[in-house]
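# Chain and residue survey
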Amino acid sequence: MKISYNRLKEYLDFSLTPKETAAALTSIGLESDGIEEIESVRGGLRGLVVGHVLTCIPHPDSDHLHVTTVDPGFEPFLQIVCGAPNVSAGQKVIVATVGTKLYDGDKEFIIKKTKIRGIESTGMICAEDEIGVGTSHEGIIVLPSETPVGTAAAEYYRVESDTILEVDITPNRIDAASHFGVARDLAAFLKINSKETPDLSLKKPSVESFSIDRSSPFVTVRVENAEACPRYSGLTIRGVRTAASPAWLKFRLESTGIRSINNIVDVTNYIMQETGQPLHAFDLQEIKGNMITVKTLPKSTKFITLDDKERTLSDRDLMICNHETGMCIGGVFGGQRSGVKDTTTDIFLESAYFNPTWIRKTARRHGLNTDASFRFERGTDPNNTVYTLKRAAILIKELAGGEITGEIQDVYPSPVKNAKVELTKEKVWKLSGKQIPVETIETILNSLEIKILDKNEERWTLDIPAYRVDVTRDVDVIEDILRIYGYNNIETSSSLKSNLSYQTPTDISYKQQNTISEQLAGSGYNEILNNSLTSSAYYEPFTAVYPVASCVRLANPQSAELNVMRQTLLFGGLENIQYNRNHKNPDLHFYEFGNIYIFNPDKANDSDKFAAITEEFHLAVWLTGYNSVSAVNSWIHPQEKTSVFELKATVENILLRLGLTSNKLVFKHFNSEIYSSALSIETLSGKKLGSLGTLAKPLLKQFDIAAEIFFAELNWNQLMNERKTMKVHQHSIPRFPAVRRDLALLIDKSVSFAEIERVAFQTDKKILKEVILFDVYEGKNLPEGKKSYAVCFTLQDEEKTLNDKQIELLMARIQKNLEDRVGAELR
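Residues numbered from 1 in each chain as written. Predicted model: local features only at pLDDT ≥ 70, side-chain atom pairs only at ≥ 80, totals over all residues. Heavy atoms only, no water.

## Overview of the overall build of the protein
Assigned secondary structure in the protein consists of 20 helices and 41 strands. Taking 827 residues into account, the globule formula puts the C-alpha radius of gyration at 28 Å, and the protein, at 38 Å, lies well above it. In terms of overall dimensions, the protein has a C-alpha envelope of 120 × 85 × 65 Å along the principal axes. The buried share of the protein, reckoned over its 827 residues, is 49%. Sequence-distant contacts in the protein: of pairs separated by 6 or more residues, those separated by 24 or more amount to 70%. Summing over all exposed atoms, the protein offers an accessible surface of approximately 42500 Å²; the carbon and sulfur share of this is 49%. Placing the 95 positive and 109 negative side-chain charges of the protein at their respective mean positions leaves the two points 5 Å apart. (Helix = DSSP H or I, 4+ residues; strand = E, 2+ residues; numbered from the N terminus. Rg over C-alpha atoms; globule rule 2.2 N^0.38 Å. Buried < 20%, exposed > 50% of the residue type's maximum accessible area, 1.4 Å probe, protein only. Contact = heavy atoms within 4.5 Å. Areas by Shrake-Rupley, 256 points an atom, 1.4 Å probe, with all protein chains shown as cover. Lys, Arg positive; Asp, Glu negative; His and termini not counted. Charge placed at Lys NZ, Arg CZ, Asp CG, Glu CD.)

## Focus: the pattern of salt bridges
Tallied over the full model, the rule gives 39 salt bridges. Salt bridges linked by common partners bring R173, D175, D185, R468, D470, D480 and R483 together as one network. (Salt bridge = Lys/Arg side-chain N within 4 Å of Asp/Glu carboxyl O.)

## Structural notes on unusual backbone geometry
Put simply, E75 and P76 share a cis peptide bond, and its omega is 0°. Mapped onto the secondary structure, P76 falls in the loop between strand 4 (66-71) and strand 5 (78-82). With a phi close to 55°, R117 is a non-glycine residue in the positive phi region. Here R117 is to be found in the loop between strand 9 (114-116) and strand 10 (119-121). Located in the positive-phi region is N781, a residue other than glycine, with phi close to 70°. Inspection of the secondary structure assignment puts N781 in the loop between strand 39 (768-777) and strand 40 (786-795).

## Focus on the packing of aromatic side chains
Evaluation of the coordinates by the stated rule reveals 16 aromatic pairs. With 5.8 Å between their ring centres and 90° between their planes, Y5 and F14 make a pair best called edge-to-face. Accessibility expressed as a relative area gives 12% for Y5, which makes it buried. For F14, a relative accessible area of 4% gives the class buried. Aromatic pair F670 and Y675: ring centres 6.1 Å apart, planes at 80°, arrangement edge-to-face. Here F670 falls in the partly exposed class, since its relative accessible area comes to 25%. When its relative accessible area of 6% is taken as the criterion, Y675 is described as buried. An aromatic cluster is defined as three or more aromatic residues linked by ring pairs; in this entry it consists of Y538, Y539, Y546, F571 and F703. The residue whose ring lies beneath K648 is F667, and the NZ or CZ to ring-centre distance is 4.6 Å. Above the face of the F670 ring, K688 is positioned so that its terminal group lies 5.1 Å from the ring centre. (Phe/Tyr/Trp six-rings, centres within 6.5 Å; stacked < 30°, edge-to-face > 60°. Lys NZ or Arg CZ within 6 Å of the ring centre and 35° of its normal.)

## Here we look at the sheet that holds strand 40
Spatial ordering of the open sheet is given by 39-40-38-41, a layout of four strands whose pairing is antiparallel. Since the sheet does not close on itself, it has two edges, and those belong to strand 39 and strand 41 (825-826), each with one partner. Bridging between strand 38 (residues 739-748) and strand 40 involves 10 bridges; their strand directions are antiparallel. The residue bridging I747 from the neighbouring strand is K787, located in strand 40. (Pairing = 2+ DSSP bridges.)

## What to know about the packing of helix 11 (residues 425-432) against helix 13 (residues 474-485)
Running from amino to carboxyl end, helix 11 crosses helix 13 at an angle of 60°, the nearest separation of the two axes being 10 Å. Considering the angle they form, helix 11 stands oblique to helix 13. You can see that helix 11 and helix 13 cross each other, and the crossing is right-handed. Across the interface between the two elements, K427, V428, L431 and S432 of helix 11 pack against D474, V475, I478 and L482 of helix 13. Residue composition of the contact of helix 11 with helix 13, by class: five nonpolar, one polar and two charged. (Axes fitted to C-alpha atoms, helices over the stretch in contact; angles between N-to-C directions. Parallel < 35°, antiparallel > 145°, perpendicular 65-115°, else oblique. Left-handed = near helix turned anticlockwise from the far one by under 90°. Nonpolar A, V, L, I, M, F, W, Y, C, P; charged D, E, K, R; others polar.)

## Quick look at the sheet that holds strand 31 (residues 564-565)
The three strands lie next to each other as 29-31-30, forming an open sheet whose pairing is antiparallel. Edge positions in the sheet fall to strand 29 (533-534) and strand 30 (552-553), since each of these pairs with one other strand and no more. Relative to strand 31, strand 30 is paired through two bridges, and the arrangement is antiparallel. Across the sheet, residue V552 finds its bridge partner in strand 31, namely M565.

Take a look at the structure:
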């Protein structure tokens, strides 16, 4: 949200610089991300003055140039060569002196002393477009003859400058979504923290000049749905002149990010920025029957909004209607015909308080997010509608004329009651960690417009303004007290009180997570973090793996792209890969820890809405492009593409680091829609720990990725459960040598190395230490359907040196078992 520094000073007399103001706002929870200096005319017309053309003669070497003598209000006078057809002696003009910086779009240039066809020129007589005060380039600007010579152009054109603060407000602080709201918080801060003693009372614009010009005719209001619209106020203004807004109003709106439309609409936006209360102006000609009715329309009613789109209404969409039809989606978006047009002469001005829940659901239903809905769906001030009407009416009369006709229509059947909160000194001191003086606490409360209804030595009874929708409990009040008092003013104790800690399962899981993160980062991987919300469209082509019915759907999604909770980490990583590849970064090693969510309809029940939702913590790994070691080609190491084997090695290293060795696991081939080839990772008892493989091309095509992607996803919760059964054994370093024996095996192509490894370790677990595949051959001189594996077996006895007889006996057993169980033959 953009906040004008100048406008803040209109509501509050303070001496902080813009930078100090930004720091103060950040300290009280209104984080200020940036500061920008702006001017109504770029460059502020610095170096430009009003000059008087004393002489004007034709250039001796040109048929269109003139040589002029100009009095700029100081001596010496300037000789300027000018090419404008309308220049003549006696004119008052705008002169750019030497050194002045002018702008042409994004380019800038400096006026220098120069020679034009042999005649020296020491300045420039300007046209409108050359200095940014207009678009004409037909000739130079000619000012009225009475304009004083030497007047600064910035003074003549009343150039405005301001500093814009970019303020981020949290969703609960809608009371600060206005200039006056920010000024209110800043005043509270300064009353406690300022060393100066200026008048820090807020200057709320007066509406005492408001008056009714004529008693009739006026528009009446009927509210049929008081739940959706607890309060509706409005008034009629006739005889307005719709035109462009004055320069000061345009500048104030555009500098804070709102496009100027016309004087009527601009006033409503200006007041919304000032007070936080959205307003809407209707063309009175469109209000058939001179009556406004606030109600819902039948389901599937068609309505064309201001953006010329036809929308299908729900019977839960609140509409502002005339006698015949709907004119506006209440609190969200205007209609195509009912808004103020260039021909509008009579208007009806609306200021209402709508139910936040109704507005939020309507905005989400239609995919709309407007300045009005942003405020209404968070909760505006129900007791401020009439004040803002009067304020806007006064300003409209000032800028567009007209007469206020009839009394203000104000339908407010059940006034919103302020919340009452009991606050004790003891709780303030306990939660804050400091005995903040009672006088300071009461000053803060009064500054925040929180009334003290009653008090004694121990407690206060407080009346919370209705616009503070975020303050309903005593802890909310304490939070307000602390942010204004300043967290930096809470001293840290020099002593530390603690007890012996112990590790919970969560602590152990988090520690192991950090360990694996360090391992992956050290191997060249980058950690990514994606939103848990995703699009259901990702799951629709792959229902066999990720059933759409298993998606946890949002009741009121912000958009169709964020309408379900993720079932897998896969799609978020593919979005990251797509983005990086589109930005010329194709060599990627990613990993992510995150929760996934699965809905089980069979477990759903009315008493516990979350019983049907399973939440799991997963680890995912992605590989694509060249590997991290050889991403940059060099003479010593050629580039190598990543492969599924590199991914498998990464996964095995993760499992090994967690204590899950290969002899405790089984890697099985399986078919899946998302993989072109894949392995399932399981325990010996059949529990699935995860999967890895090469992603299928139809999936990658969905993300417009023309490269191989290797992906693994592990169930971290299951890994931690398996780790619980792991026992750590300590033993001395073997004193006796290891022995290696190689076998060249002829096997069926369907046999995997994992099967050979498993058979070998089933044969012996004491002496056999390692099984390694070091060569694979498929091709000539082999029978059809066969392949050759060269496998190395490492044998070691920790108690004695192995002799040839023991070695040959064990190798014979391994060979025999391989022949019997996987059909292996010795080549």
